[in-house]
Amino acid sequence: MSTAAADSREAMRPQRFCPTGPLAGSFRVPGDKSISHRAIMLAALAVGESRISGLLEGEDVLATAAAMRAMGAGITRTGAGEWQVHGVGAGGLLQPATALDMGNSGTSTRLLMGLVASHAITASFTGDASLSRRPMGRVIEPLSRMGAAITASPGGRLPLMLRGATPAVPIAWRLPVASAQVKSAVLLAGLNTPGITTVIEPVPTRDHSERMLAGFGAELTVELERGERIIRIRGEAELRPQTVDVPGDPSSAAFFLVAALIVPGSVLTIRNVGMNPTRAGLVTVLRAMGGDIAELDRREVGGEPVADLLVRHSPLRGIAVDPALAPSMIDEFPVLFLAAALAEGRTTTSGLEELRVKESDRLAVMAAALTAAGARVTEKADGLVIDGSGGEPLAGTGTGTAPIATRLDHRIAMTMAVAGLASRDGVEIDDTSPIATSFPGFTALLAGLGAA
Ligand code: S3P
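Residues numbered from 1 in each chain as written. Predicted model: local features only at pLDDT ≥ 70, side-chain atom pairs only at ≥ 80, totals over all residues. Heavy atoms only, no water.

Turning our attention to the domain arrangement of the protein. Partitioning the protein into domains gives domain 1 (3-31 + 247-448) and domain 2 (33-245). Measuring from the centre of the C-alpha atoms in domain 1 to the corresponding centre in domain 2 gives 28 Å. Domain 1 puts 29 residues into the contact, and the matching count from domain 2 is 27 residues. Taking both sides of the interface into account, the surface hidden between domain 1 and domain 2 amounts to around 2300 Å²; carbon and sulfur atoms contribute 47%. A per-residue breakdown of the area domain 1 buries against domain 2 is headed by Arg 279, Glu 359 and Thr 437, which together make up 21% of the total. (Domains from an automatic or database assignment. Contact = heavy atoms within 4.5 Å. Buried area = accessible area lost by both parts, 1.4 Å probe.)

At a minimum axis separation of 11 Å, helix H9 (residues 281-288) and helix H10 (residues 333-341) run at an interaxial angle of 5 degrees. As summarised for this structure, H9 and H10 are arranged roughly parallel, according to the angle between their axes. For the pair formed by H9 and H10, the contact residues are Leu 282, Val 285 and Leu 286 on the first element and Val 335, Leu 336 and Ala 339 on the second. Considered class by class, the residues forming the contact of H9 with H10 number 6 nonpolar, no polar and no charged. (Axes fitted to C-alpha atoms, helices over the stretch in contact; angles between N-to-C directions. Helix = DSSP H or I, 4+ residues; strand = E, 2+ residues; numbered from the N terminus. Parallel < 35°, antiparallel > 145°, perpendicular 65-115°, else oblique. Nonpolar A, V, L, I, M, F, W, Y, C, P; charged D, E, K, R; others polar.)

All right, on to the environment of Gly 164 then. For Gly 164, the position within the fold is in the loop between strand S9 (157-163) and strand S10 (172-174). For the pair Gly 164 and His 119, spaced 45 residues apart in the sequence, the C-alpha separation amounts to 5.0 Å. The contacts of Gly 164, once residues within four sequence positions are left out, are Val 116, Ala 117, His 119 and Ile 121.

Taking 1.5 Å of rise per residue, 12 residues should cover 16 Å, and helix H3 (residues 59-70) covers 16 Å from first to last C-alpha, within 8% of that figure. Within the sequence span of H3, burial applies to Glu 59, Asp 60, Val 61, Ala 63, Thr 64, Ala 65, Ala 67 and Met 68. Positive backbone phi, approximately 110 degrees, marks Gly 72, located one or two places after H3. (Expected span 1.5 Å × (residues − 1). Buried < 20%, exposed > 50% of the residue type's maximum accessible area, 1.4 Å probe, protein only.)

Our focus in this paragraph is the pairing of strand S12 (residues 220-225). By the bridge criterion, 6 bridges tie S12 to strand S13 (residues 228-234) in an arrangement that is antiparallel. Bridged to Leu 224 within S13 is Arg 229. Between S12 and S13, which follow one another and run antiparallel, lie 2 residues, and Arg 226 among them has a positive phi close to 45 degrees. (Pairing = 2+ DSSP bridges.)

All right, on to unusual backbone geometry then. For the bond running from Leu 158 to Pro 159, omega is -5 degrees, close enough to zero to count as cis. Cis geometry marks the peptide bond from Thr 166 to Pro 167; its omega dihedral reads -5 degrees. Relative to the elements of secondary structure, Pro 167 occurs in the loop between S9 and S10. Positive phi values are uncommon outside glycine, yet Glu 236 reaches one of about 55 degrees.

Next comes the structure, spelled out in C-alpha cells:
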C-alpha cells in the first residue's frame, strides 16, 4: 500500500447499507486478484516486454507492482487495467532501496518472499496491522531450507528481513497446510534455483501459478501420485514475455451471486468470471442450497476457463458443506455464511481452521457480525453452524447500535454490505476502506444495480 493509501486507511469510512428492491443488471467484476499478482511477478521476471490487460488495480496488486518496480522491473500503466512490464529476467532482481510495504496483502508477501529467496539480495517486508498478525512460518520454513536467511518478528511474523541465497538449494516440500501461497512461494523460489524444486500437494489448491509459469515458458510438470499432486519446476529458467488477459475474479463475483440469491426479485448477469475448478466451490455449494446459477458461454481467457454467470433470486436451504470443498472456496466463506443466514434450516461448516489466519479471524469476526445483524450463529473451533431465517430479512443494525467491526478485512466489509440489502433496518459497517484492497468500485457497482 502506498503511503497515501495508508494515510487514508487511518480515516475509517463507515457506511450504512440499506434494504433494497430487486437487483438487476449485466456487468463485469474486476480482474482476478491471484492471477493479477502472478502476472505482474512473472512478467517482471521475463526477458523483455509483456502486456497485461484486465489487471486488478486494487491496493494488494499495486503493492506487488511497487515491490517489483523497487527490484528493477519497468512497470507502466497504459490504460484502465492495461499494463506494460519490462522484465529483468529470473535471477535479475535488484536490491530494493527501502522496505517492501506489503500493505494488507498476504499473497504479495508470501510469493515475493519466494522470489527474493533465490536472488542475491536482501529485502525487508512490512505490512499493516492485519498482515503483521498473520503467520509467515509456513513460508519461512521451506525458504530457509532452500538457503534463505530470514529474521522475523516474534511468532514468525512481519516485519521481517530476508536475505536470498545464490545458489539456492532445490527441495522437495510437502505442504503441511493446503495453501496456494506456500506452494507458489516455493515454486517461485525454484525459478532461480539450479535443478528441480518439487512441491507435493496432498490437497489441491488454486493452480494459477502452475498454469502461468508454464505459459511463460518455465519447465513445469504436474503428476498425480497416490492422490497427491507432485509439481516439479526446473530452475534457472528463462521466462518469455507474454500477453496476459486476466479474467474476472470469482471471489469478487461471489458477493453479487449471493446478493442476487437473497434479495427477492433479483436477476444479475456477471460476465467474464473465472471458473477454474480450483476456485469454483462456491457455485457448487450455492447450487446444492437451491441457488439458480447458470453458466453461459464457457470459454477460455488467459489460459483459464471463464463463463458468464446468470443468477436469479432463489429460496435457499441449509446444507452440511463438504469440508473437501474448502480449498476451492476458501475466500468465499464469509459470504457463504451470509447466504446460510437467509436459508431455510441449518447450515454446518467444518474443517475451516485456516479461516482464522486470513485478513481477520473470519470465523470469529463473521460470527460476531452476523449475530449483531440478527442471525443465529454458533461458532465452533473449525467452522460455523448457522440456523437460517428461511428468507426473512435479518433485523440488521438499527440506529443507536454499534456498527459492524470489519477488522481491516475487505471480505467482511463486502459481505456485511450485502447483508444490509437483505435486512429490515440496514447494516452499518465501521469501515469500507479495506474494500479497495481487492475491489475498487464495489459500493458504486452495488448502488448501480439498484441497492440503496
Ligand atoms: C491465494 C491463496 C489463498 C487465498 C488468498 C489468495 C493466492 O491463501 O486465501 O486470498 O493467490 O495464492 P492461502 O494460500 O493462505 O490459502
